[in-house]
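Residue-level listing of the chains:
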Amino acid sequence: MEQNKILKTILVISVIILSFSLLIGLGIILSENVIAVSGSVKSASSKTIKIDFNSKIRTLPLELIGIFGQPYLSQIPDKNFEESYKKLKEAGIYMVDLQIITDEKDPKIPYFTDFNADAEKEENYDFTSIDKRVKAAVNNGLKIQLSVDDINKAPSDYDKYGKIVEHLIKHLIEGWADGFKLTSSDIRLVIYANEPDLVITTPQGEKVQAFWQGTSDEFNKSYVAFAKAVKSVNKDLPVGGPAYAFPVSETNNVVGDSVNDYVVTFLDHVKENGAPLDYFSWHRYGFNPGEFSKTMKVIKTEIAKYSTLSPLYGTPKIASDEWDMAMGIGGRGPQLKGLTNAWGAAARLSNLIAMTRNGLGASTLASGFEANIIKSNGSSTPSFYMFKGLSKLKEANILLSSSEGDGKGFDAMSVKSEDGKKVVIFISNFNANKYEEKIGLKKSANASYRTSYDISLANLPWSGKKVSYSRYVIDDSNNFKLSESAILKGGKKMNISEKIAMPQIQVIVLSVK
């Protein structure tokens, strides 16, 4: 009998040891104050990210989940905007950019083709193209960023141009000319112009302006007329511009330490003429997150000098209303190789995190042509699922203080919900040097990269509570796939260590009831 008791005791102890071993093998170790989800061992290729639950930086705007030019008109069968925008909704997109662009070969206001006509009469306007896109966006629950590049040279009459713009806005928000009755909740931004600073070199070697065909002074006057016209109809509509291609000085594609002179001239002109500027907008293409980060820092420093330009915010917010790792137009080089695979998704998220950390207020990814998040055959790319993961910001968008990335592409961003019951961590594993090696820009870069990460969460108010843990993976084989889930015992601290492939995105969701 005594022998049987001993055998039973040994069996119970064995079961306990085996169960504990299984928990370790599954990566779950529970204790009063510390929870570790272990998927890897710390190494030189591991990145440590410290997150403080109590350190609220700011509430992130959902305007960060925006897309520009997707899909382009030429890619839409029978101009089926409804079906195309439905895809954007499925991706979790919050805001879509609707462009009103003049024809460079036949420059005229697209919706008011005869500048000599009476600006007060409905019959002189044609809003057909605009209406189709607005209707599709509204029907699919998408917010609108209206990008108006309707002239490419100074108007002969600035006041009349202002009146024409007024009627465009009245059509959209007052129902004028059988229009819409949208509000500032529907139209999140109204952006003016497109790269007025861009100079290109012709095949003959001549340097010419790419878009704006006039002087800087003429452009600045046009912006003032435009912005005042928008606000005269609805003072709550955020207006911005001027969508510069190169707001910051650069040498051999390396971002400098100051804005270009024309930026200061523009800001001074807006201020001196009492015009509103709610958003300062700019463009950038590249796959080095460090360059995006530095551009934001330089712009932010300059904009801080103009604390009264915005009637809505005081100091203007900053919008990157056209950006990507490479321009998605045929023949633009080897960078395009990554746009529709996991390299593109990881680079895009790393770039967005770098800009967001430095105060970005609105973003529209320049997805189009070969760069689409949806391929021409209707299939979704990893960037589609990157947006799907990013849409978790709709559930939790209070940015927390956390360690910065490694400056080469690996980065992470953490947010919590307003009620403190959810934390979402976005992790992007990209490496600019490795990507250059991959696409042949560098023959032998021997680039080192991250293979794991270690997250340390502090000051959690979840002691004694059950914590739901979910980890999603996005790459060429995983479409925002739930890779791991568990119910954990809450504590004041949490340590998470996981392996991560290159390139890959992971989204971790922690929540309590």
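Residues numbered from 1 in each chain as written. Predicted model: local features only at pLDDT ≥ 70, side-chain atom pairs only at ≥ 80, totals over all residues. Heavy atoms only, no water.

*Asks:* Tell me what's going on with the sheet that holds strand S14 (residues 317-324), and back it up with residues and numbers.
*Replies:* Strand order in the closed barrel made by the eight strands is S4-S5-S6-S7-S10-S13-S14-S15, with parallel pairing throughout. When strand polarity is set aside, the average angle formed by the axes of neighbouring strands in this sheet is 25 degrees. Bridge count for strand S4 (residues 66-68) against strand S15 (residues 362-366) is two bridges, and the pairing is parallel. By the bridge assignment for S15, Ile-67 is matched with Leu-365. On top of the sheet, helix H7 (residues 289-303) reaches strand S13 (279-285) and S14; it is set at about 155 degrees to S13, its chief contact. (Pairing = 2+ DSSP bridges. Helix = DSSP H or I, 4+ residues; strand = E, 2+ residues; numbered from the N terminus. Axes fitted to C-alpha atoms, helices over the stretch in contact; angles between N-to-C directions. Contact = heavy atoms within 4.5 Å.)

*Asks:* Outline the pattern of salt bridges, listing residues and values.
*Replies:* Scanning all chains against the criterion turns up 16 salt bridges. A salt bridge links Glu-63 to Arg-188, with the shortest nitrogen-to-oxygen separation between them at 2.6 Å. Placement of the pair is Glu-63 in the loop between strand S3 (46-59) and S4 and Arg-188 in strand S7 (residues 187-192), with a sequence separation of 125 residues. Residues Glu-437 and Lys-434 are paired through a salt bridge, measuring 3.5 Å at the closest nitrogen-oxygen approach. (Salt bridge = Lys/Arg side-chain N within 4 Å of Asp/Glu carboxyl O.)

*Asks:* Please set out the environment of Ser-417 residue by residue, giving values where relevant.
*Replies:* Tracing the chain through its elements places Ser-417 in the loop between strand S17 (411-416) and strand S18 (422-429). The sequence separation of Ser-417 and Ser-511 amounts to 94 residues, and the corresponding C-alpha distance is 9.4 Å. Not counting chain neighbours up to four residues away, the residues in contact with Ser-417 comprise Glu-395, Ala-396, Ile-398 and Lys-422. In terms of polar contacts, Ser-417 uses its side chain to reach the side chain of Asp-419, at 2.6 Å. (Polar contact = N/O pair within 3.5 Å; in protein donor to acceptor, adjacent residues only side chain to side chain.)

*Asks:* Go over a negative patch on the surface with me, naming the residues and quoting the values.
*Replies:* A contiguous patch of negative charge, built from Asp-118, Glu-120, Glu-122, Glu-123 and Asp-178, is present on the exposed surface. Turning to its location among the elements, Glu-123 is positioned in the loop between strand S5 (95-101) and helix H3 (128-139). Relative accessible area serves as the criterion here: at 63%, Glu-123 is assigned to the exposed category. (Patch = residues over 30% accessible without salt bridge, like charges linked within 9 Å, V, L, I, M, F, W, Y side chains within 5 Å. Areas by Shrake-Rupley, 256 points an atom, 1.4 Å probe, with all protein chains shown as cover. Lys, Arg positive; Asp, Glu negative; His and termini not counted. Charge placed at Lys NZ, Arg CZ, Asp CG, Glu CD. Buried < 20%, exposed > 50% of the residue type's maximum accessible area, 1.4 Å probe, protein only.)

*Asks:* Would you mind going over unusual backbone geometry in detail, with residue names and values included?
*Replies:* Cis geometry is adopted by the peptide bond preceding Pro-242, which originates at Gly-241 and carries an omega value of 0 degrees. Here Pro-242 is to be found in strand S10 (residues 239-244). Cis geometry marks the peptide bond from Met-502 to Pro-503, where omega comes out at -5 degrees. As for its placement among the helices and strands, Pro-503 is situated in the loop between strand S22 (493-499) and strand S23 (504-511). Non-glycine residue Phe-480 carries a positive phi angle of around 55 degrees. Relative to the assigned elements, Phe-480 resides in the loop between strand S20 (466-474) and strand S21 (481-489).

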